[in-house]
Amino acid sequence: MKKNALLVVQIVVGLVVAVALVRVMDSRQANAPAQFAEDPLYVKAATAKRMSLAFNGLAADWYWMRSLQYVGAKIVGFEDSHEGRMDFGNLADLDLRLLPSLLRMSTTLDPQFIAPYEYGATILPEINSDYATSLLETGIAANPNQWRLYQHLGYVYWQRNEYQEASEVYAAGAKIPDAPPWMAALSARMKAEGGSRDSAREVYRHLYDSSSDRAVKDMVTKQVMRLDSLDQIEVLRKILAAYSEKNARCASSWLDVRNELRSARFQIDAMTNAPLDPSDTPYRLTEKGCNVELSQYTGVPRK
Amino acid sequence: MTDRIKATTPPASTEISTARSAGSRAIIAIARNAFREAVRDRVLYNLVLFVLLLIAGSMFLGELSAGQESKIIVDLGLSAMLLFGAFIAIFVGVGLVYKEIERRTLYAILSKPIGRGQFLLGKYLGLGLTLLINVAIMGVGVSLALTYIHRGWDPLVLKIWPAILLIYFELMLLTGVALLFSSFSSPALSALMTFFVFIIGHFSGDLKSLASSAGNVAARALFRALYYLLPNLTHYSVITPTAHGLAPDASAIGLAAAYTVVYSAVLLAAATLIFGRRNFK
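Residues numbered from 1 in each chain as written. Chains lettered and ligands numbered in written order. Predicted model: local features only at pLDDT ≥ 70, side-chain atom pairs only at ≥ 80, totals over all residues. Heavy atoms only, no water.

Participant: How would you explain a nonpolar patch on the surface if you had to name every residue and give the values?
Facilitator: Among the surface-exposed residues, A:Val9, A:Val13, A:Val17, A:Leu21, A:Val22 and A:Met25 lie close enough to one another that they form a single nonpolar patch of about 520 Å² accessible area. Position of A:Val17 among the secondary structure elements: in helix 1 (residues 2-28). (Patch = residues over 30% accessible without salt bridge, like charges linked within 9 Å, V, L, I, M, F, W, Y side chains within 5 Å. Areas by Shrake-Rupley, 256 points an atom, 1.4 Å probe, with all protein chains shown as cover. Salt bridge = Lys/Arg side-chain N within 4 Å of Asp/Glu carboxyl O. Helix = DSSP H or I, 4+ residues; strand = E, 2+ residues; numbered from the N terminus.)

Laid out in structure tokens, this is it:
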């Protein structure tokens, strides 16, 4: 009995000491993971597929989740070092240099896995849009019947203002049997007025409706907010210009144009009387009341 | 007198069928015993680990996978099923014969009217039953996890079962390989060699491409021979397409079943041949 008690004590004490030792070792190696976090992947995607035997699907899932964790950790790290502010319209600040390899690994291991292609189409253009087009072209070659991949590739071309290419990709996607009719309409619109705000709105609307990825939907929501804010800023500038023409001076505060704002159906902030942008943040008067811009606290992306 | 002999001696066909049924009974008895032994050895305890893995996966994947939970549960569940099953087939398979020799129970068995081939077949079927139960329970576990994650009926629940059947065929073939090696080698070496066969079997596609790309005629012939003669396990690997909802068709399953039966028969015949020559005096 006494011997058993001694053994139990030995186990408990041993575990406590082991935990303490791990903590000490962790504190001594605090910088090591960060140092190696950006190391390129050692194994080529094709080799990894061969080595994964029958478990290539699981390995693809692993790299997919690692991609998400990688971006998530970068965002958290950026927000920690920039007072909690992250402009999702400018992901280039995150230095996501490992993301293309992670997504490439995931899609090589499982070429029919659509989610990494969609994710890449959303994030990679912020790093290098050639990575995005290359990934999506590989995806289309492996999944020629997935019209969504054509939609994403068209979207990447459209973002690069390459409307002719975008139109051709949408047209190619429209030929797939179960592709929705708006793919053909979008192809025509790209050719006719690719750069217009209405085209952008249409591209985003279809992207939102057809995607099941929350990250894509969030990105689209923000981009639609940006388009709405561009429309609103145009109207606000007209209101401010009319006031300055009528009174031979710029507005000293939003109160001066309160009636005009109400008739233009702007939502007004009760505290500052400023019109609210699509993220419900008040707009800011600049140039001594002659111009307007988004507040620094806005949730609307600038790009 | 002649009539009396006729009346008391059973006809030759009856004798053969009696012998056959006695042989079948012996095989079934050995199989049942092998299954009981596996249960006694707590082989099915791996199910607890599997269930814990699935529960953890179902609970945390929603946070990590960005809407790909069902695919990942299928990948995780079926891969774990194959991995756990392969470990059982290898480590239990290589001990099937060795344990009987070690405990000297083999002498008692072989002193009865039981052939060595029947003994091996019984052991093979016994482990096959263990694996069948193991795989079936795991399949139910994956189905429940899918239903839980989908918050209701998920069409993947039906589509995983052909893939589970193919995993079972692969495990049966692997059991045959383990049994063959254990008929002449030590358990450690048998396990190692069976594991190598498992790996090489999944590299069959590479053997084929090596056969077509090798410059040397002899090398080409060697790789081609290896490709056809070694167990080809790539045709059982349908986990990834299944996770995308693409179940193998009936002809693919039928061909895989035929391949398993034929190859297992070859392995058991070879094992019987080697085991029959062993001297246990």
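Participant: Could you give me a rundown of the side chain of A:Asn56, with the residues and numbers involved?
Facilitator: Inspection of the secondary structure puts A:Asn56 in helix 4 (residues 56-81). Among the polar contacts listed, one links the side chain of A:Asn56 to the side chain of B:Thr240, at a separation of 3.1 Å. Dropping the residues within four chain positions of it, A:Asn56 is found in contact with A:Lys49, A:Leu109 and B:Thr240. (Polar contact = N/O pair within 3.5 Å; in protein donor to acceptor, adjacent residues only side chain to side chain. Contact = heavy atoms within 4.5 Å.)

Participant: Could you give an account of helix 4 (residues 69-93) of chain B, with specific residues and numbers?
Facilitator: The periodicity of an α-helix, 3.6 residues per turn, causes residues three or four positions apart to be oriented the same way. The end-to-end C-alpha distance of helix 4 of chain B, which contains 25 residues, comes to 34 Å, matching closely the 36 Å that a straight helix rising 1.5 Å per residue would cover. Most of helix 4 of chain B is tucked away, with 21 of its 25 residues classed as buried. (Expected span 1.5 Å × (residues − 1). Buried < 20%, exposed > 50% of the residue type's maximum accessible area, 1.4 Å probe, protein only.)

Participant: I'd like a description of the interface of chain B and chain A, backed by residues and values.
Facilitator: The interface is formed by 21 residues belonging to chain B together with 16 residues belonging to chain A. Taking both partners together, chain B and chain A bury about 1700 Å²; carbon and sulfur atoms supply 69% of that area. Applying the counting criterion to the chain B and chain A interface returns three salt bridges. Taking the shortest distance from any N to any O, the salt bridge between A:Arg50 and B:Asp206 comes out at 2.8 Å. Seen at the junction of chain B and chain A, the total is six residue pairs in polar contact (both at pLDDT 80 or more). (Buried area = accessible area lost by both parts, 1.4 Å probe.)

Participant: Can you lay out empty space enclosed by the protein for me, pointing to particular residues and giving the numbers?
Facilitator: All names here are of chain B. Summed over the entire model, instances satisfying the criterion amount to one cavity of 30 Å³ or more. Empty space within the largest cavity amounts to approximately 70 Å³. Residue lining of the largest cavity: Ala-34, Glu-37, Ala-38, Asp-41, Val-92, Gly-95, Leu-96 and Lys-99, and that is the complete set. The residue makeup of the lining of the largest cavity, split by class, is four nonpolar, one polar and three charged. (1 Å grid on protein atoms, 1.4 Å probe; cavity = no way out; pocket = protein on both sides within 12 Å on 5 of 7 lines; lining within 4 Å. Points joined across faces, edges and corners; volume = space filled by probe spheres on them. Nonpolar A, V, L, I, M, F, W, Y, C, P; charged D, E, K, R; others polar.)

Participant: Any chance you could break down the pattern of salt bridges for me, citing the residues and the numbers?
Facilitator: For the coordinates displayed, the defined rule picks out 13 salt bridges over all chains. In this structure, B:Lys71 engages A:Asp61 in a salt bridge whose closest nitrogen and oxygen atoms are separated by 2.7 Å. With B:Lys71 in helix 4 and A:Asp61 in helix 4, the pair connects residues from two separate chains. A single burial state applies to B:Lys71 and to A:Asp61, both of which are buried. A salt bridge links A:Arg284 to A:Glu293, with the shortest nitrogen-to-oxygen separation between them at 2.3 Å. A residue is classified by how much of its surface remains accessible, and A:Arg284, at 42% relative accessible area, is partly exposed.

Participant: Summarise the nonpolar core; cite the residues concerned and give the values.
Facilitator: Residues A:Leu99 and B:Phe119 are the most contacted members of the largest nonpolar core, which totals 132 residues. Among the elements that make up this core, the one with the highest residue count is helix 8 (residues 156-182) of chain B (18 residues). Aside from chain neighbours lying at most four places away, what touches B:Phe119 is B:Ile30, B:Val97, B:Glu100, B:Leu106, B:Ile109, B:Ile114 and B:Phe275. (Core = buried A, V, L, I, M, F, W, Y, C linked by side-chain atoms within 4.5 Å.)

Participant: Help me get a handle on the packing of aromatic side chains, residues and values and all.
Facilitator: Scanning the model with the defined rule gives 11 aromatic pairs over all chains in all. Residues B:Phe181 and B:Phe184 carry aromatic rings whose centres are separated by 6.1 Å and whose planes lie at 70 degrees to one another, so their mutual orientation is edge-to-face. Its relative accessible area of 14% is what places B:Phe181 among the buried residues. On the basis of an interplanar angle of 50 degrees and a centroid distance of 6.5 Å, the ring pair of B:Tyr236 and B:Tyr259 is categorised as tilted. Taken together, the positions of B:Tyr236 in the loop between helix 11 (217-229) and helix 12 (239-243) and B:Tyr259 in helix 13 (residues 250-277) put the pair 23 residues apart, joining distant regions of the chain. Here the aromatic residues A:Trp64, A:Phe113 and A:Tyr119 are joined through ring pairs into a cluster of three or more. Its end group placed over the ring of A:Phe113, B:Lys71 keeps NZ or CZ at 4.2 Å from the ring centre. One residue, B:Arg116, lies across the ring of B:Phe275, its end atom 5.8 Å from the ring centre. (Phe/Tyr/Trp six-rings, centres within 6.5 Å; stacked < 30°, edge-to-face > 60°. Lys NZ or Arg CZ within 6 Å of the ring centre and 35° of its normal.)

Participant: If you had to explain the side chain of A:Ser129 to someone new, which residues and values would you point to?
Facilitator: Residue and element names in this part refer to chain A. As for its placement among the helices and strands, Ser-129 is situated in helix 7 (residues 129-142). Assessed through its relative accessible area of 16%, Ser-129 is described here as buried. Ser-129 has contacts with Leu-124, Val-156 and Arg-160, leaving out every residue within four places of it along the chain.

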